[in-house]
Amino acid sequence: EARWLLGQIYLEQAAVESAEKEFRRAVEFGLSEEAAEIPLTRALLHQRKYKQVIDSTFNPERLPEKDRAELLALHANAYLGLGDEEKAANLVDKSLALDETSPDALTVKAIVLKMRRQSEEARRQLEMILQKTPDFAPAWSLLGLIDTSAGDLESAENAFSQAMQDPLYRDGSQMSRALLRIQL
């Protein structure tokens, strides 16, 4: 359990390689794979190890419904990283059928909508997420991208500033905000 806790701390601090290592060690020392699967998947996603996420043993049926929904959303995100929009959309629909309020699933759905050039619908989706989960950095980051595309640079700057509050999104959002400030 100490390894799992250390992995959680590393993940929260954006030390994703160390988090991955600790979650794997926790399983080696007896932690159930189910307990490690979601945080390990998050660590892999933040390293852009999409193929590794997809190739991992993926049996969400053994998890409680809410965890199953979250894991499906994370796998949908990995498919997006690999450029497979259809598989991502399919998995996110399955995730939302289990938990229609999942911020992870709703954010992936918003990404799919944005990819399908439905930016306004994606924006509504993100605003709904942020009403319920105001510190959800993935939604802020995507909203910043949508606002940038729409030419609303001040709103985009605000969105990226909000996303930067999460260490996992700090670097990317900081870079996006810096580029916006050059344009302002």
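Parameters and conventions
Residues numbered from 1 in each chain as written. Predicted model: local features only at pLDDT ≥ 70, side-chain atom pairs only at ≥ 80, totals over all residues. Heavy atoms only, no water. Helix = DSSP H or I, 4+ residues; strand = E, 2+ residues; numbered from the N terminus. Contact = heavy atoms within 4.5 Å. Axes fitted to C-alpha atoms, helices over the stretch in contact; angles between N-to-C directions. Left-handed = near helix turned anticlockwise from the far one by under 90°. Buried < 20%, exposed > 50% of the residue type's maximum accessible area, 1.4 Å probe, protein only. Parallel < 35°, antiparallel > 145°, perpendicular 65-115°, else oblique. Nonpolar A, V, L, I, M, F, W, Y, C, P; charged D, E, K, R; others polar. Patch = residues over 30% accessible without salt bridge, like charges linked within 9 Å, V, L, I, M, F, W, Y side chains within 5 Å. Areas by Shrake-Rupley, 256 points an atom, 1.4 Å probe, with all protein chains shown as cover. Salt bridge = Lys/Arg side-chain N within 4 Å of Asp/Glu carboxyl O. Expected span 1.5 Å × (residues − 1). Arc of directions from axis to C-beta.

**Examining the overall build of the protein**
Then step 1. Counting its regular elements, the protein contains 11 helices and zero strands.
Then step 2. In the protein, the succession of helices and strands from N to C terminus is α-α-α-α-α-α-α-α-α-α-α.
Then step 3. Along the first, second and third principal axes, the C-alpha atoms of the protein reach 55 × 30 × 30 Å.
Then step 4. For the protein, the share of sequence-separated contacts (at least 6 apart) that also reach a separation of at least 24 residues comes to 48%.

**Observations regarding the side chain of serine 173**
Then step 1. Relative to the helices and strands, serine 173 resides in helix 11 (residues 167–183).
Then step 2. Contact partners of serine 173, with chain neighbours within four places excluded, come to Ser141, Phe160, Ala163 and Met164.

**Topic: the side chain of threonine 107**
Then step 1. The topology assignment puts threonine 107 in helix 7 (residues 103–115).
Then step 2. Not counting residues within four places of it along the chain, the set of residues in contact with threonine 107 comprises Ile129, Phe136, Pro138, Ala139 and Leu142.

**Describing the environment of arginine 24**
Then step 1. Within the element layout of this structure, arginine 24 appears in helix 2 (residues 16–28).
Then step 2. Distance in space between the C-alpha atoms of arginine 24 and lysine 114 is 34 Å, their sequence separation being 90 residues.
Then step 3. With residues up to four places along the chain from it excluded, the contact list for arginine 24 reads Leu40, Leu44 and Gln52.

**A look at the packing of helix 8 (residues 119–132) against helix 9 (residues 137–150)**
Then step 1. Running from N to C, helix 8 and helix 9 point in directions that differ by 145 degrees, and their axes come no closer than 10 Å. The way helix 8 lies across helix 9 gives a crossing that is left-handed. Side by side, helix 8 and helix 9 meet where Ser119, Ala122, Arg123, Leu126, Ile129 and Leu130 of the first sit next to Ala139, Trp140, Leu142, Leu143, Ile146, Asp147 and Ala150 of the second.

**Comments concerning unusual backbone geometry**
Then step 1. Residue alanine 14 is not a glycine yet carries a positive backbone phi of 70 degrees.
Then step 2. The residue arginine 117 is not glycine, and still its phi comes out positive at about 60 degrees.
Then step 3. By relative accessible area, arginine 117 is classed as exposed at 77%.

**Focus: the packing of helix 7 against helix 8**
Then step 1. Where helix 7 contacts helix 8, the two axes come as close as 8 Å, and the packing angle between them is 165 degrees. Regarding the angle of helix 7 to helix 8, the classification is roughly antiparallel. Taken as a pair, helix 7 and helix 8 cross one another with a handedness that is left-handed. Along the contact surface, helix 7 presents Pro103, Leu106, Thr107, Lys109, Ala110, Leu113 and Lys114, while helix 8 presents Ser119, Glu121, Ala122, Gln125, Leu126, Met128 and Ile129.
Then step 2. Its residues assigned to classes, the contact of helix 7 with helix 8 shows eight nonpolar, three polar and three charged.

**What about a nonpolar patch on the surface?**
Then step 1. Together, Met175, Leu179 and Ile182 make up a nonpolar patch on the protein surface, roughly 340 Å² of accessible area in all.
Then step 2. Along the chain, the position of methionine 175 falls in helix 11.

**Considerations on helix 8**
Then step 1. When the terminal C-alpha atoms of helix 8 are compared, their 20 Å separation across 14 residues agrees well with the 20 Å that a helix rising 1.5 Å per residue should span.
Then step 2. Where helix 8 is concerned, the buried positions are Ala122, Arg123, Gln125, Leu126, Ile129 and Leu130. Taken end-on, helix 8 shows its buried residues confined to a sector of 160 degrees, consistent with a single buried face. Exposed residues lying more than 90 degrees from the buried face of helix 8 are Gln131 and Lys132.
Then step 3. Close packing links the buried residues of helix 8 with helix 7 and helix 9.

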